[in-house]
Amino acid sequence: MADIIQLLPDHVANQIAAGEVIQRPASVVKELLENSIDAGANQIKLIIKDGGKTLIHVIDNGAGMSGTDARLSFERHATSKIKSAKDLFQINTKGFRGEALASIAAISHVELKTKQEKDEVGNSLIIEGSKVISQNVVVTPIGTSISVKNLFYNIPARRNFLKSDQVEIRHIIDEFHRVALAHPKISFSMFQNGSEVFSLSESNYRQRVVNIFGTKMNEKLVPVEETTEVIQISGFVCKPEYSKKTRGEQFFFVNDRFIKSPYLNHAVISAFEGLIKEGRFPSYFLKLTVNPKSIDINIHPTKTEIKFDDEHTLYAILRSSIKHSLGQFNIAPVLDFEHDSNLETPYNYKDKNVTSPNLEVDKSFNPFKSDFKGSTITGRDKKESSQNWESLYVGLESKANNNEPDFSGVQFESDEITPDMFKDGKDLHQTTTTYQLHHKYIVSTIKSGMLILDQHRAHQRILYEDFLKNLTMKEATSQQLLFPLVLNYSNSEMEFIKQLKEQLESTGFVFSKIGADMIEIKGVPISINESEVSIIIDQIIADFQNEVPENSFSQTDLLAKSMAKSLAIKTGQHLSTLEQEHLVNSLFACKEPSVTPNNKPIFIIMSVDELDRKFM
Ligand code: ADP
Ligand code: MG
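Residues numbered from 1 in each chain as written. Chains lettered and ligands numbered in written order. Predicted model: local features only at pLDDT ≥ 70, side-chain atom pairs only at ≥ 80, totals over all residues. Heavy atoms only, no water.

1. Overview of the packing of aromatic side chains
Put simply, the test is: Two rings from Phe, Tyr or Trp (for Trp, the six-membered ring) form a pair when their centres sit within 6.5 Å of each other. Planes less than 30 degrees apart are called stacked, planes more than 60 degrees apart edge-to-face, and all others tilted. Here a helix means four or more residues in a row that DSSP labels H or I, a strand means two or more in a row labelled E, and each is numbered from the N terminus. Burial here depends on accessible area, computed with a 1.4 Å probe over protein chains only, as a share of the maximum for the residue type. Under 20% is buried, over 50% is exposed, and the range in between is partly exposed. Remark: a charge is flagged as sitting over a ring if the NZ atom of Lys or the CZ atom of Arg is within 6 Å of the ring centre and within 35 degrees of the ring normal.
On inspection of all chains with the given rule, the structure shows 13 aromatic pairs. When the centroid spacing of 5.8 Å and the interplanar angle of 50° are considered together, the rings of Phe213 and Phe251 count as tilted. Here Phe251 lies in strand 11 (residues 250–254) and Phe213 lies in helix 7 (residues 205–213), a separation of 38 residues in the sequence. Accessibility classification places Phe213 together with Phe251 in one group, the buried group. Feature note: the residues Phe213, Phe251, Phe253, Phe258 and Phe285 constitute an aromatic cluster, connected by ring pairs. Directly above the ring of Phe161 sits Lys163, whose terminal nitrogen or CZ lies 5.7 Å from the centroid.

Okay, structure coming up:
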């Protein structure tokens with residue numbers, strides 16, 4: 001048989017390598033920013049168009065390249081950073097594999113302009129799909145400018161795999177944060193579709209953290225400092241009471257390189273033991289400096305995972321130094337941070353003079369009262385109670401007609417769900433008995449036995465359908481605030497708010513100002529208490545950070561879910577008989593009364609038969 005093995009042409013090998021190194025626009029951003037840092041730049045500008053799909057442009061004032069180097073830099077395994085294998089264990093630069101530029105050039109249209117200080121003129125180079133289109137002498141400032149256009153233009157499968165611009169920009173901002181946090185001495189700016197997203201001037205580490213995550217962050221930080229023979233630790237953890245619902249703000253840098261380490265993360269978490277509730281995450285920004293000889297960075301192409309020689313020792317040192325810092329800053333264990341939001345003013349009120357507003361406040365305001373005309377349980381509430389009672393089976397009726405009841409998770413023994421399951425044949429009013437059990441469940445009698453519903457889940461469903469309706473019909477009403485409410489957010493949080501502005505407005509929010517790191521709200525949805533606003537917006541941001549919606553439908557859906565979750569009456573809340581009845585009625589007026597927006601069962605039914613059997 002003839003020989004069949006052949007060496008792959010370079011451009012094919014480069015495309016294959018690109019598959020590993022460049023997963024999405026954010027990977028290009030990371031590689032380019034790191035190259036600029038390695039080139040000694042102290043000013044780096046990042047310009048993005050359309051989530052990086054159309055353009056990623058990085059401009060630095062670093063060392064620049066000679067004409068020959070400019071050409072060579074796009075070859076695979078071409079690097080100025082290491083010369084031999086032994087250098088691999090003494091790495092002080094971000095890059096060293098020499099494959100980023102070759103990979104990027106294989107799958108996009110690249111334009112490079114670069115000039116060294118000693119040279120009169122610079123060089124420009126245009127490469128498309130690994131092919132050099134032109135190389136010229138140009139006038140250009142000292143440093144390097146690389147623009148990457150039409151990423152994955154020649155690999156449609158990869159291009160189609162890219163997510164929406166919003167999702168891609170999210171990833172880009174994450175990479176930008178990581179690089180900018182690792183290098184506070186370098187000034188960074190970032191522009192997206194022509195507008196400035198970040199402008200970070202040279203600063204110390206604390207200022208950099210605050211500049212990225214917003215001024216609110218300053219008071220949350222607890223410094224952590226430790227120097228031992230094997231490791232130097234510096235940076236911050238956030239006070240336990242500021243733990244978050246997402247892991248968003250957790251950063252480890254090892255020798256100025258962002259890394260992911262579940263093991264070291266565990267060390268931090270364990271230092272917070274007893275200080276934060278389960279399901280919440282501490283934020284941290286920790287810089288570890290170790291001897292480069294004691295780590296192996298070359299275990300993953302993207303270099304975000306590294307191997308330490310002595311992980312166990314690092315774990316112990318990290319844990320104890322964080323514990324020590326938390327202790328020093330007098331952070332006493334508090335097990336439950338759930339507090340009554342009505343007791344605090346989470347915004348700038350404390351700076352205002354106290355005046356008593358001349359406004360009539362309806363103290364008896366209660367969304368469950370039948371005369372309440374808010375957007376919570378509107379319309380349905382106005383019915384007479386006998387009509388209300390009928391509405392109990394409205395939702396069920398349509399189900400029964402569909403002949404496909406979908407009460408996932410609810411156990412029915414022999415009960416058929418029929419429209420008249422609630423009718424007892426007797427006077428309706430006598431049958432409308434509800435009872436609140438442990439401030440958690442509402443128990444109600446129905447024809448075939450008993451219905452038990454979870455009050456928090458039921459209300460979540462009701463609010464969810466209401467918000468969804470408001471969001472799609474844009475018919476929400478809002479209440480004017482006495483004083484506009486000013487809330488501060490970090491840049492990336494502001495990104496979410498700007499994205500969601502229109503939808504928030506259709507739920508009833510009225511924004512009077514949207515700045516770079518603050519919003520001013522002058523109206524809120526009628527169902528929202530003023531003191532809840534910041535909690536709700538935080539929840540929305542957290543939910544959107546956890547689950548980036550792919551399209552506008554899922555965005556609307558997530559927003560409705562998020563608001564319903566934070567506004568629904570909680571377990572533990574006492575409800576009057578009237579409120580209980582309204583809850584039941586409104587639930588069964590919903591399109592889908594059986595499950596929460598997250599598909600958890602809302603009620604169960606226990607038949608008389610079942611009860612009888614238990615008494616046998
Ligand atoms: P690596 O960073 O692993 O060396 P790259 O493919 O990212 O590999 O870059 C190849 C080489 O191109 C680098 O080693 C460096 O010499 C040069 N280079 C890349 N970007 C820049 C830049 N912004 N400024 C100066 N030189 C650069
Ligand atoms: Mg590189």
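So much for the structure itself; the text now carries on.
2. Regarding the site of ligand 1
How we decide: Nearness is judged by heavy atoms alone; a residue qualifies as near a molecule or strand once a single heavy atom is within 4 Å of it. Counting of polar contacts relies on pairs of N or O atoms within 3.5 Å, with two restrictions inside protein: one atom must be capable of donating a hydrogen and the other of accepting it, and residues adjacent in sequence are counted only when both atoms are side-chain atoms. For the area figures, the Shrake-Rupley method with a 1.4 Å probe applies, and any residue is considered shielded solely by the protein chains shown. The residue classification treats Ala, Val, Leu, Ile, Met, Phe, Trp, Tyr, Cys and Pro as nonpolar and Asp, Glu, Lys and Arg as charged. All others, Gly included, are polar.
Neighbouring ligand 1 are 19 residues, the closest being Asn35, Thr79, Ser80, Lys81 and Gly98. With respect to ligand 1, the side chain of Ser80 contributes an N or O atom lying 2.5 Å from an oxygen atom. Here Arg97 contributes a backbone N or O atom positioned 3.1 Å from an oxygen atom of ligand 1. Protein chains bury 92% of the 530 Å² of accessible surface belonging to ligand 1 in isolation. Looking at side-chain class alone, the shell around ligand 1 contains 6 nonpolar, 9 polar and 4 charged residues.

3. Remarks on the nonpolar core
Short version of the rule: To form a nonpolar core, buried Ala, Val, Leu, Ile, Met, Phe, Trp, Tyr and Cys residues must be joined to one another through side-chain atoms within 4.5 Å. What makes two residues a contact is simply this: any of their non-hydrogen atoms within 4.5 Å.
Core analysis: the largest hydrophobic core is formed by 60 residues, its most contacted members being Met190 and Phe285. With 8 residues, the top contributor of residues to this core is helix 6 (residues 165–182). If we skip the residues at most four places from it in the chain, Met190 touches Leu46, Ile48, Ile169, Ile172, Ile173, Phe176, Ser195, Glu196, Val197 and Phe198.

4. Structural notes on the side chain of Ser270
You can see Ser270 is positioned in helix 8 (residues 262–271). When its relative accessible area of 7% is taken as the criterion, Ser270 is described as buried. Contact partners of Ser270, with chain neighbours within four places excluded, come to Tyr315, Arg319 and Lys323.

5. Some remarks on the environment of Ser124
Residue position: Ser124 is located in strand 4 (residues 122–128). Sequence-wise, Ser124 and Asn136 are 12 residues apart; in three dimensions their C-alpha atoms are separated by 5.1 Å. Discounting chain neighbours no more than four positions away, the residues touching Ser124 are Leu112, Lys113, Ser134, Gln135, Asn136 and Val138.

6. A few points about the sheet that holds strand 21 (residues 518–525)
The pairing of strands in a sheet happens through backbone hydrogen bonds and is either parallel or antiparallel. Applicable threshold: Two strands qualify as a pair provided that DSSP identifies no fewer than 2 bridges between them. To obtain an axis, a line is fitted to C-alpha atoms, over the contacting stretch when the element is a helix, and the angle between two such axes runs from 0 to 180 degrees between their N-to-C directions.
Strand order in the open sheet made by the 3 strands is 19-21-20, with antiparallel pairing throughout. If you trace the sheet from one side to the other, it starts and ends with strand 19 (478–488) and strand 20 (510–514), each paired once. Taken over all neighbouring pairs, the strand axes of this sheet differ in orientation by 15° on average, direction set aside. Relative to strand 21, strand 19 runs antiparallel, the two being bridged by 7 bridges. Bridge pairing in strand 21 places Leu487 opposite Ile519.

7. With respect to helix 2 (residues 25–38)
In plain terms, the rule: Any helix carries an expected span of 1.5 Å times its number of residues minus one.
The end-to-end C-alpha distance of helix 2, which contains 14 residues, comes to 20 Å, matching closely the 20 Å that a straight helix rising 1.5 Å per residue would cover. In terms of residue burial, helix 2 counts as a mostly covered element, since 12 of its 14 residues are buried. Buried within helix 2 we find Pro25, Ala26, Ser27, Val28, Val29, Lys30, Glu31, Leu32, Leu33, Glu34, Ser36 and Ile37. In the segment just after helix 2, Gly40 is the residue with positive phi, at about 80°.

8. A word on helix 13 (residues 455–473)
Given a rise of 1.5 Å per residue, 19 residues ought to cover 27 Å, and the 27 Å separating the end C-alpha atoms of helix 13 matches this to within 8%. Among the 19 residues of helix 13, 14 are classified as buried, and the element is accordingly described as predominantly covered. Between the side-chain oxygen of the N-cap and the backbone nitrogen of His456 there are 3.0 Å, and the N-cap of helix 13 in question is Asp454. Within two residues after helix 13, Lys474 carries a phi angle of roughly 55°, on the positive side.

9. Concerning the packing of helix 6 against helix 7
When two helices pack together, their arrangement is given by the angle between the helix axes and the distance between those axes. Under the convention used in this document: These descriptions rest on fixed angle ranges, namely under 35 degrees for roughly parallel, over 145 for roughly antiparallel, 65 to 115 for roughly perpendicular, and the rest for oblique. For any pair of crossing helices, the crossing counts as left-handed if the nearer helix is rotated counterclockwise from the farther one by less than a right angle, and right-handed if it is rotated clockwise.
Where helix 6 contacts helix 7, the axes come no closer than 9 Å and their chain directions differ by 160°. One way to sum up the angle between helix 6 and helix 7 is to call them roughly antiparallel. Taken as a pair, helix 6 and helix 7 cross one another with a handedness that is right-handed. Of the residues in helix 7, those in contact with His177, Ala180 and Leu181 of helix 6 are Tyr205, Arg208, Val209, Ile212 and Phe213. Taken together, the residues of the contact of helix 6 with helix 7 break down into 6 nonpolar, 1 polar and 1 charged.

10. Structural notes on the sheet that holds strand 8 (residues 195–200)
Across the sheet, 8 strands lie side by side as 5-4-3-6-2-1-7-8; this open sheet has mixed pairing. Since the sheet does not close on itself, it has two edges, and those belong to strand 5 (131–138) and strand 8, each with one partner. On average, each strand axis in the sheet is inclined to that of its neighbour by 10°, with strand direction left out of account. As paired elements, strand 7 (residues 187–192) and strand 8 share 5 bridges and run antiparallel to each other. The residue of strand 8 that forms the bridge with Gln192 is Ser195. Taken strand by strand, helix 6 contacts strand 1 (43–49), strand 7 and strand 8, and its axis lies near 175° from that of strand 7.

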